[in-house]
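# Report on the structure
Okay, here's what each chain looks like letter by letter:
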Amino acid sequence: MRLLNLFRSKEAPDYIVCPTCGRRAERHDIVANNYICTFCGHYYRVRTNNRIKMVADAGSFTPWFKDLAAVNPLDFPGYDDKLAATREKTGLDEGVTVGECRIGGERAVIGVCDSRFLMGSMGHVYGEKITLAVEKATELGLPVIMFTCSGGARMQEGIISLMQMEKTSAAFKRHSDAGLLYIPVLTDPTTGGVTASFAMLGDIILAEPGALVGFAGPRVIEQTIGQKLPDGFQRSEFILEHGFCDAIVERKDLKDTLTRILKITNGTLPANLKPRYEKNGEKKDIVPLSAWDKVKAVRSIKRPSALAYINTVFDDFIEFHGDRYFADDKCVVGGIATLNGKSVTVIGIEKGQDMAECKRRNFGMPSPEGYRKALRLMKQAEKFNRPVITFVNTPGAFPGMEAEENGQGEAIARNLYEMSALKVPVLALMIGEGGSGGALGLAVGNEVWMMENATYSVLSPEGFASILWKDGKRAAEAAGVMCITAEDLKRLGIIERIIPEYGEASEETIAEIADYLKDNIQEFIKKYEVMSGDALAEQRYQRFRKY
Ligand SMILES: [Zn+2]
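Residue indices follow the written sequence of each chain, beginning from 1 at its first position. Only residues with pLDDT of at least 70 get local features here, since the model is predicted, and only at 80 or more are side-chain atom pairs given and counted; chain-wide, interface and lining totals rely on the full set of residues. Values shown for side chains rest on all heavy atoms present in the structure; no hydrogens or waters enter the calculation.

## Here we look at the overall build of the chain
Going by this rule: By the criteria applied, helices consist of DSSP H or I runs no shorter than four residues and strands consist of E runs no shorter than two, each listed in order from the N terminus. Computation of the radius of gyration draws on C-alpha atoms, with the globule rule given as 2.2 Å multiplied by the number of residues to the power 0.38. For every residue, the accessible area obtained with a 1.4 Å probe (protein chains only) is divided by the maximum for its type, and the residue is called buried under 20%, exposed over 50%, and partly exposed between those limits. Residue contacts are counted whenever heavy atoms from the two residues lie within 4.5 Å of one another. Working definition of accessibility: Shrake-Rupley area with a 1.4 Å probe, residue cover restricted to the visible protein chains.
Per the secondary structure count, the chain includes 21 helices and 18 strands. For 547 residues, the compact-globule estimate of 2.2 N^0.38 gives 24 Å, and the C-alpha radius of gyration of the chain, at 26 Å, lies within 12% of that figure. Projecting the C-alpha coordinates of the chain onto the three principal axes gives extents of approximately 85 × 50 × 45 Å. For the chain, with 547 residues in total, the buried portion stands at 52%. Considering only contacts in the chain between residues 6 or more positions apart, those separated by 24 or more positions represent 71%. Accessible surface, the chain as shown: approximately 24500 Å² in total, 54% of it carbon and sulfur.

Pasting the structure below:
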């Protein structure tokens, strides 16, 4: 068992020995460093009061339900004494503290679990305090932030402890159905019944670096399978990789991240007054590209991809990860952001702009988990009434074995099905390659706009030539007859608007393109946000019904 609480070494009371690197540091240095080892970055567990100080605005915390009577439902021998001794030692009434506070000025209900109290195990009072706090938050219309930490169920309370899992989950379901935001912050360790209930039910799940997060504890797994677990198994980074948390946030950034998420959700960020791009007067003669030239242009590694636009057009972008089922697809990026103070959800297919990045992003070919992440973020947008803006740039969905095993077809189909009925405005921007069903899986918009040189087609010109003419070399000729350019698609009524590239999309022209997008996306939002959710879904239905 790792020693994680702050403890004093016997010979030097003002020093702390790090359980990870074994080095001694002065206590006040560790405290000043947010309870993180100044040598190796080891995260110490944080006591309740210190955690509240770390995230709540000074003096803003009011505790709720402090004096719930302790229970011993099974009359478990010695349990009353153990509870009394733990209270005495920790100064806590239970393993969780709940109450209201302000974070960056925004009102929130917070809950803080403390591992010093019987390993943060969940018994009746622990579950009851959380449930009461969530019910009160629902009544008051407030978001909830839970700092989770638990060894699991409280053994001395047996089956009553187990019931807390369902009770807390049900309270969070009602809170969510009321359209309210819930953010669990997973801290070390979050295991057992807490992981299998309220810790995993957030709209946005954050985690501290290196925290142990899992259902079965590592020792139980090792005993069961008779093998040692690899390093890093069940740690936050593993959880992120497997799609179960949105982001790992360092302590120094925790309050700021929570503040930004609360403000974007509440729509209270001020409009940004970033200076607009100044055109440099010179007018270049722009020669229009042929269809085949466009195919080559959009495949260029230098062409800006989704993140370049997201970071230039929007402010305050916070990226969220994971499909909550299996993995985090690095080629689908998404999260929340603002556009001149207006909150939006943005999602894009990112190709990368250098070889290493392209490999990491799988060359812009999404896997099922990418489509599922996108859908999860779109459903989140719907809950919080945010318009969805997608940036599509893909040669197609990834044709791989694993992708098929995990249901590539199902994942794309599910997006078409669910996107058709989303009750918020959806704008799809085709910014490069629009490769078939893999592109359509993010392009079911109330409007679809396409960049001047972008392409959008049922398959690649090479594939088309090889199927139709049994000659893949006639791709250039195929490109000319397939109707894949923005002009063709505008004429066919597949898209509403052509986005100018001021020559060709590149590092040099992206600021000018972004200015165009900023203005026009704001107009799009103004036009559609006045419509009801049902009217938006109906407009989208009819848009695709006509083909
Ligand atoms: Zn250390």
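## Some points on the pairing of strand E5 (residues 106-113)
Spelled out, the test is: Note: two strands are recorded as paired if DSSP finds a minimum of 2 bridges between them. Think of it like this: strands point away, you trace from the first strand over the helix to the second, and a clockwise trace means the crossover is right-handed.
Within E5, 7 of the 8 residues are buried, leaving the element largely enclosed by the surrounding structure. As paired elements, strand E4 (residues 96-103) and E5 share 8 bridges and run antiparallel to each other. Looking across to E5, one finds that Val96 is bridged to Cys113. Remark: 2 residues form the turn of the hairpin made by E4 and E5, two consecutive strands paired antiparallel; Gly104 in that turn has positive phi of roughly 60°. Examined bridge by bridge, E5 and strand E6 (residues 144-150) share 4 bridges and lie parallel to one another. Bridging from a neighbouring strand, Val112 pairs with Phe147 of E6. Read from E5 through helix H4 (residues 124-140) to E6, the crossover connection turns out right-handed.

## Points about unusual backbone geometry
Between Asp188 and the following residue, Pro189, the backbone shows a cis peptide bond with an omega angle of -15°. Mapped onto the elements of the fold, Pro189 is located in strand E7 (residues 182-191). Positioned with a positive phi, Leu118 is a non-glycine residue whose angle comes to about 45°. Within the fold, Leu118 resides in the loop between E5 and H4.

## Structural notes on the coordination of the zinc ion
How we decide: Each metal's donors comprise the N, O and S atoms found within 2.8 Å of it (within 3.2 Å for Na, K or Ca). Water is not part of the atom list, so some coordination spheres may appear incomplete. Under the classification used here, a metal with four donors is tetrahedral if each angle lies between 85 and 135 degrees, square planar if opposite donors are over 155 degrees apart and the others between 65 and 115, a six-donor metal meeting that same test is octahedral, and anything else is irregular.
Bound to the zinc ion are the protein donor atoms Cys18 (SG), Cys21 (SG), Cys37 (SG) and Cys40 (SG), situated 2.2 to 2.4 Å from the metal. Given 4 donor atoms and angles of 105 to 112° at the metal, the environment of the zinc ion is assigned as tetrahedral. The exposure class assigned to Cys21 is partly exposed, which follows from its relative accessible area of 30%.

## Section: the nonpolar core
Short version of the rule: Each nonpolar core is a collection of buried residues, namely Ala, Val, Leu, Ile, Met, Phe, Trp, Tyr and Cys, held together in the definition by side-chain atoms within 4.5 Å. Source of the domain bounds: an automatic or database domain assignment.
Ranked by size, the top nonpolar core spans 85 residues in total, and within it Ile145, Leu258, Phe314, Leu429 and Ile521 carry the most contacts. Among the elements that make up this core, the one with the highest residue count is helix H20 (residues 510-529) (9 residues). When residues are assigned to domains, this core turns out to be shared by domain 2 (46-265) and domain 3 (304-545), each giving three or more. Setting aside chain neighbours within four positions, we find Ile145 in contact with Ile103, Ala108, Val109, Ile110, Gly111, Ile183, Val185, Leu258 and Leu262. In this structure, Cys113, Met165, Val213 and Cys245 belong to the second largest nonpolar core, which totals 29 residues.

## Side note on the pairing of strand E12 (residues 332-339)
Burial of E12 is extensive: 8 of the 8 residues sit out of reach of the surface. Neither face of E12 is left uncovered, since the one carrying Val332, Gly334, Ile336 and Thr338 and the one carrying Val333, Gly335, Ala337 and Leu339 both have all their residues buried. Direction of pairing for strand E11 (residues 315-320) relative to E12: antiparallel, over a ladder of 4 bridges. Following the sheet pairing, Ile318 is matched in E12 by Ile336. The pairing of E12 with strand E13 (residues 342-349) spans 8 bridges and is classified as antiparallel. If you follow Val333 over to E13, its bridge partner there is Gly348. The turn linking E12 back onto E13 is made up of 2 residues, and Asn340 within it adopts a positive phi angle of 50°.

## Structural notes on the packing of aromatic side chains
To keep it simple, the criterion reads: Pairing of aromatic rings covers Phe, Tyr and Trp, the last counted by its six-membered ring, and requires centre-to-centre distances within 6.5 Å; plane angles under 30 degrees mean stacked, over 60 mean edge-to-face, and any other angle means tilted. We count a charge as sitting over a ring when the NZ of a lysine or the CZ of an arginine lies within 6 Å of the ring centre and within 35 degrees of the ring normal.
Enumeration according to the criterion identifies 10 aromatic pairs in this entry. A connected cluster of aromatic rings, assembled from ring pairs, spans Phe172, Tyr182 and Phe198. The lysine or arginine in question, Arg474, covers the ring of Trp469, its NZ or CZ lying 4.3 Å from the ring centre. The aromatic ring of Phe544 is capped on one face by Arg543, whose charged end is 4.9 Å from the ring centroid.

## What about a nonpolar patch on the surface?
Under the convention used in this document: Residues enter patches when their relative accessible area tops 30% and they take part in no salt bridge; the joining distance is 9 Å for like charges and 5 Å for the nonpolar side chains Val, Leu, Ile, Met, Phe, Trp and Tyr. The working definition used for a salt bridge is a side-chain nitrogen of Lys or Arg within 4 Å of a carboxyl oxygen of Asp or Glu.
Residues Ile159, Leu162 and Met163 make up a contiguous nonpolar surface patch of about 290 Å² in total accessible area. Residue placement: Ile159 occurs in helix H5 (residues 158-177). Of the residues examined, Ile159 reaches a relative accessible area of 52% and is grouped as exposed.

## Remarks on the domain arrangement of the chain
Applicable threshold: As used here, buried area is the combined drop in accessible area, with a 1.4 Å probe, of two parts when they are placed together. Any N or O atom pair separated by 3.5 Å or less is treated as a polar contact, with the protein-specific requirement of one donor-capable and one acceptor-capable atom, and with residues adjacent in sequence counted only for side-chain atom pairs. Residues are grouped as follows: Ala, Val, Leu, Ile, Met, Phe, Trp, Tyr, Cys and Pro are nonpolar; Asp, Glu, Lys and Arg are charged; all remaining types, including Gly, are polar.
Examined at the domain level, the chain breaks down into domain 1 (1-44), domain 2 (46-265) and domain 3 (304-545). Of note, the centres of domain 2 and domain 3, computed from C-alpha atoms alone, are 37 Å apart. Across the boundary between the two partners, domain 2 contributes 21 residues, which contact 23 residues of domain 3. Around 1700 Å² of area is buried between domain 2 and domain 3 when both sides are counted, 54% of it from carbon and sulfur atoms. For domain 2, the biggest contributors to the area lost against domain 3 are Asp246, Arg260 and Ile264; these three give 36% of the whole. Taken together, the links from domain 2 to domain 3 amount to 4 salt bridges. One salt bridge connects Asp203 with Lys383, and the closest N-O pair in it is separated by 2.8 Å. Applying the counting rule to domain 2 against domain 3 returns 15 residue pairs in polar contact (both at pLDDT 80 or more). For the side of domain 2 that touches domain 3, the element with the most residues is helix H9 (residues 251-266), which contributes 4 residues. Each residue belonging to the side of domain 2 that touches domain 3 can be placed in one class, and the counts come to 11 nonpolar, 6 polar and 4 charged.

## Here we look at the side chain of Glu100
The topology assignment puts Glu100 in strand E4. Looking at Glu100, its side chain comes within polar contact range of the side chain of Arg107, at 2.7 Å. Non-local contacts of Glu100, meaning those with residues more than four positions away in its chain, are made with Ser60, Phe61, Thr62, Trp64, Arg107, Ala108, Val109, Leu140 and Leu142.

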